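# Overview (structure and organization)
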Amino acid sequence: MKDSKPIEFVITENDAKLRLDQFLAKRLPGYSRSRLQQLIRSGFVRLNEQATRPRQIVRRGDKIDLREPPLEKIDVRPEPIPLEILFEDDEIIVINKPAGLTVHPGAGQREHTLVNALLDHCATLSGIGGKERPGIVHRLDKETSGCLVVAKNDIAHRGLSKQFASRTMEKIYLALVAGKLRKAAGVIEEKIGRHPVHRQRMRVTSLRGRTAKTEYRVIRSSDQASLIKCRLHSGRTHQIRVHLHHLGHPVLGDKVYAPRFARNFPRQMLHAWKLGFHHPRTGEWKNFEAPLPADFKAAVKLTIESRQA
């Protein structure tokens, strides 16, 4: 098997003083941070033609090359889990992911994930994400429903990842939040970083936070709740949930960030409604829309429609 062509970077002044793994995560959103750290430690990432470590600080003019290792055999078992397919061709497949379905295997869960279902349905999936995450370009939280695109080969994976990195993807969510917003529309631009104590949570923070931008507009509301449309201009972990909580209007059903607003709801009321991007092979702009699931419709009826005169 021939060696794959390396992915190469030269550090500019803007990226100097970042950790190597932070720089690569910024430039290669198709790779998880843990995956990049694994590649660095295994010698598949070279800094100025030398092996290095994830914590190494990069300097202006440094040369980095990442060479993907030979594909490992996927040890995740295919499962015949039903999929709602919005679009499929030889390069990509777009899924309307149901709430409750984890995207890929991880610690403590080896089966009953979207990846298990995809392995049963698709003849091939891209290998860039590693053997645990074949085809996975981006993720949705387990309790979030809606549009998700999967790459069937590495060329498609890289093409989609570049669009995520350059923020040319159109990502529109619907969120049902607590209370009535004072402003019918607005933009939240607050940096997001990991919580220093609760490591599974994120928070708004200026200290080592990463830039994040969420544009929102109220669709309808009552005194108890508001249905809002959120357009993502970045893709930080838990971004909408953290930004709306910071605004004082947490997502209903969110047990992590607003447990007192989680009662009476089966899950967090967040839905990846629309997804748009350039097809990685043809360049054609593609738009997809995932219809609202029954539990979301029921929550809107309970909190808004039943309370309007």
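Notes on the structure in this doc start here.

Criteria and cut-off values
- Residues numbered from 1 in each chain as written.
- Predicted model: local features only at pLDDT ≥ 70, side-chain atom pairs only at ≥ 80, totals over all residues.
- Heavy atoms only, no water.
- Helix = DSSP H or I, 4+ residues; strand = E, 2+ residues; numbered from the N terminus.
- Rg over C-alpha atoms; globule rule 2.2 N^0.38 Å.
- Buried < 20%, exposed > 50% of the residue type's maximum accessible area, 1.4 Å probe, protein only.
- Contact = heavy atoms within 4.5 Å.
- Areas by Shrake-Rupley, 256 points an atom, 1.4 Å probe, with all protein chains shown as cover.
- Lys, Arg positive; Asp, Glu negative; His and termini not counted.
- Charge placed at Lys NZ, Arg CZ, Asp CG, Glu CD.
- Polar contact = N/O pair within 3.5 Å; in protein donor to acceptor, adjacent residues only side chain to side chain.
- Salt bridge = Lys/Arg side-chain N within 4 Å of Asp/Glu carboxyl O.

It is worth spelling out the overall build of the chain at this point. A count of helices and strands for the chain gives six helices and 15 strands. In summary, the chain has a C-alpha radius of gyration of 20 Å against a globular reference of 19 Å for 309 residues, a match within 12%. By principal-axis analysis of the C-alpha atoms, the chain measures approximately 70 × 45 × 40 Å. Across the 309 residues of the chain, 48% fall into the buried class. Long-range contacts, defined as pairs at least 24 residues apart, comprise 66% of the intrachain contacts of the chain with a sequence gap of at least 6. Total accessible area on the chain stands at roughly 16400 Å², and carbon and sulfur atoms take up 48% of it. Here the chain contributes 56 positive and 33 negative side-chain charges, whose respective centroids are spaced 7 Å apart.

Mapped onto the fold, Asn287 is located in strand β15 (residues 285-289). When the C-alpha atoms of Asn287 and Glu170 are compared, they prove to be 8.6 Å apart, with 117 residues separating the residues in sequence. Discounting chain neighbours no more than four positions away, the residues touching Asn287 are Glu170, Leu275 and Gly276. Among the polar contacts made by the side chain of Asn287, one reaches the side chain of Trp285 at a distance of 3.1 Å.

Turning to the pattern of salt bridges, a few remarks are in order. Following the criterion strictly, the structure yields 13 salt bridges and no others. Note that Asp21 is salt-bridged to Arg19, the shortest N-O span being 2.6 Å. A salt bridge links Asp141 to Arg241, with the shortest nitrogen-to-oxygen separation between them at 2.8 Å. Of the two residues, Asp141 is situated in the loop between α3 (114-121) and β7 (145-151) and Arg241 in helix α5 (residues 239-247); the sequence distance between them amounts to 100 residues. The exposure class assigned to Arg241 is buried, which follows from its relative accessible area of 4%. A network of salt bridges, in which partner residues are shared, links Asp141, Arg241 and Asp254.

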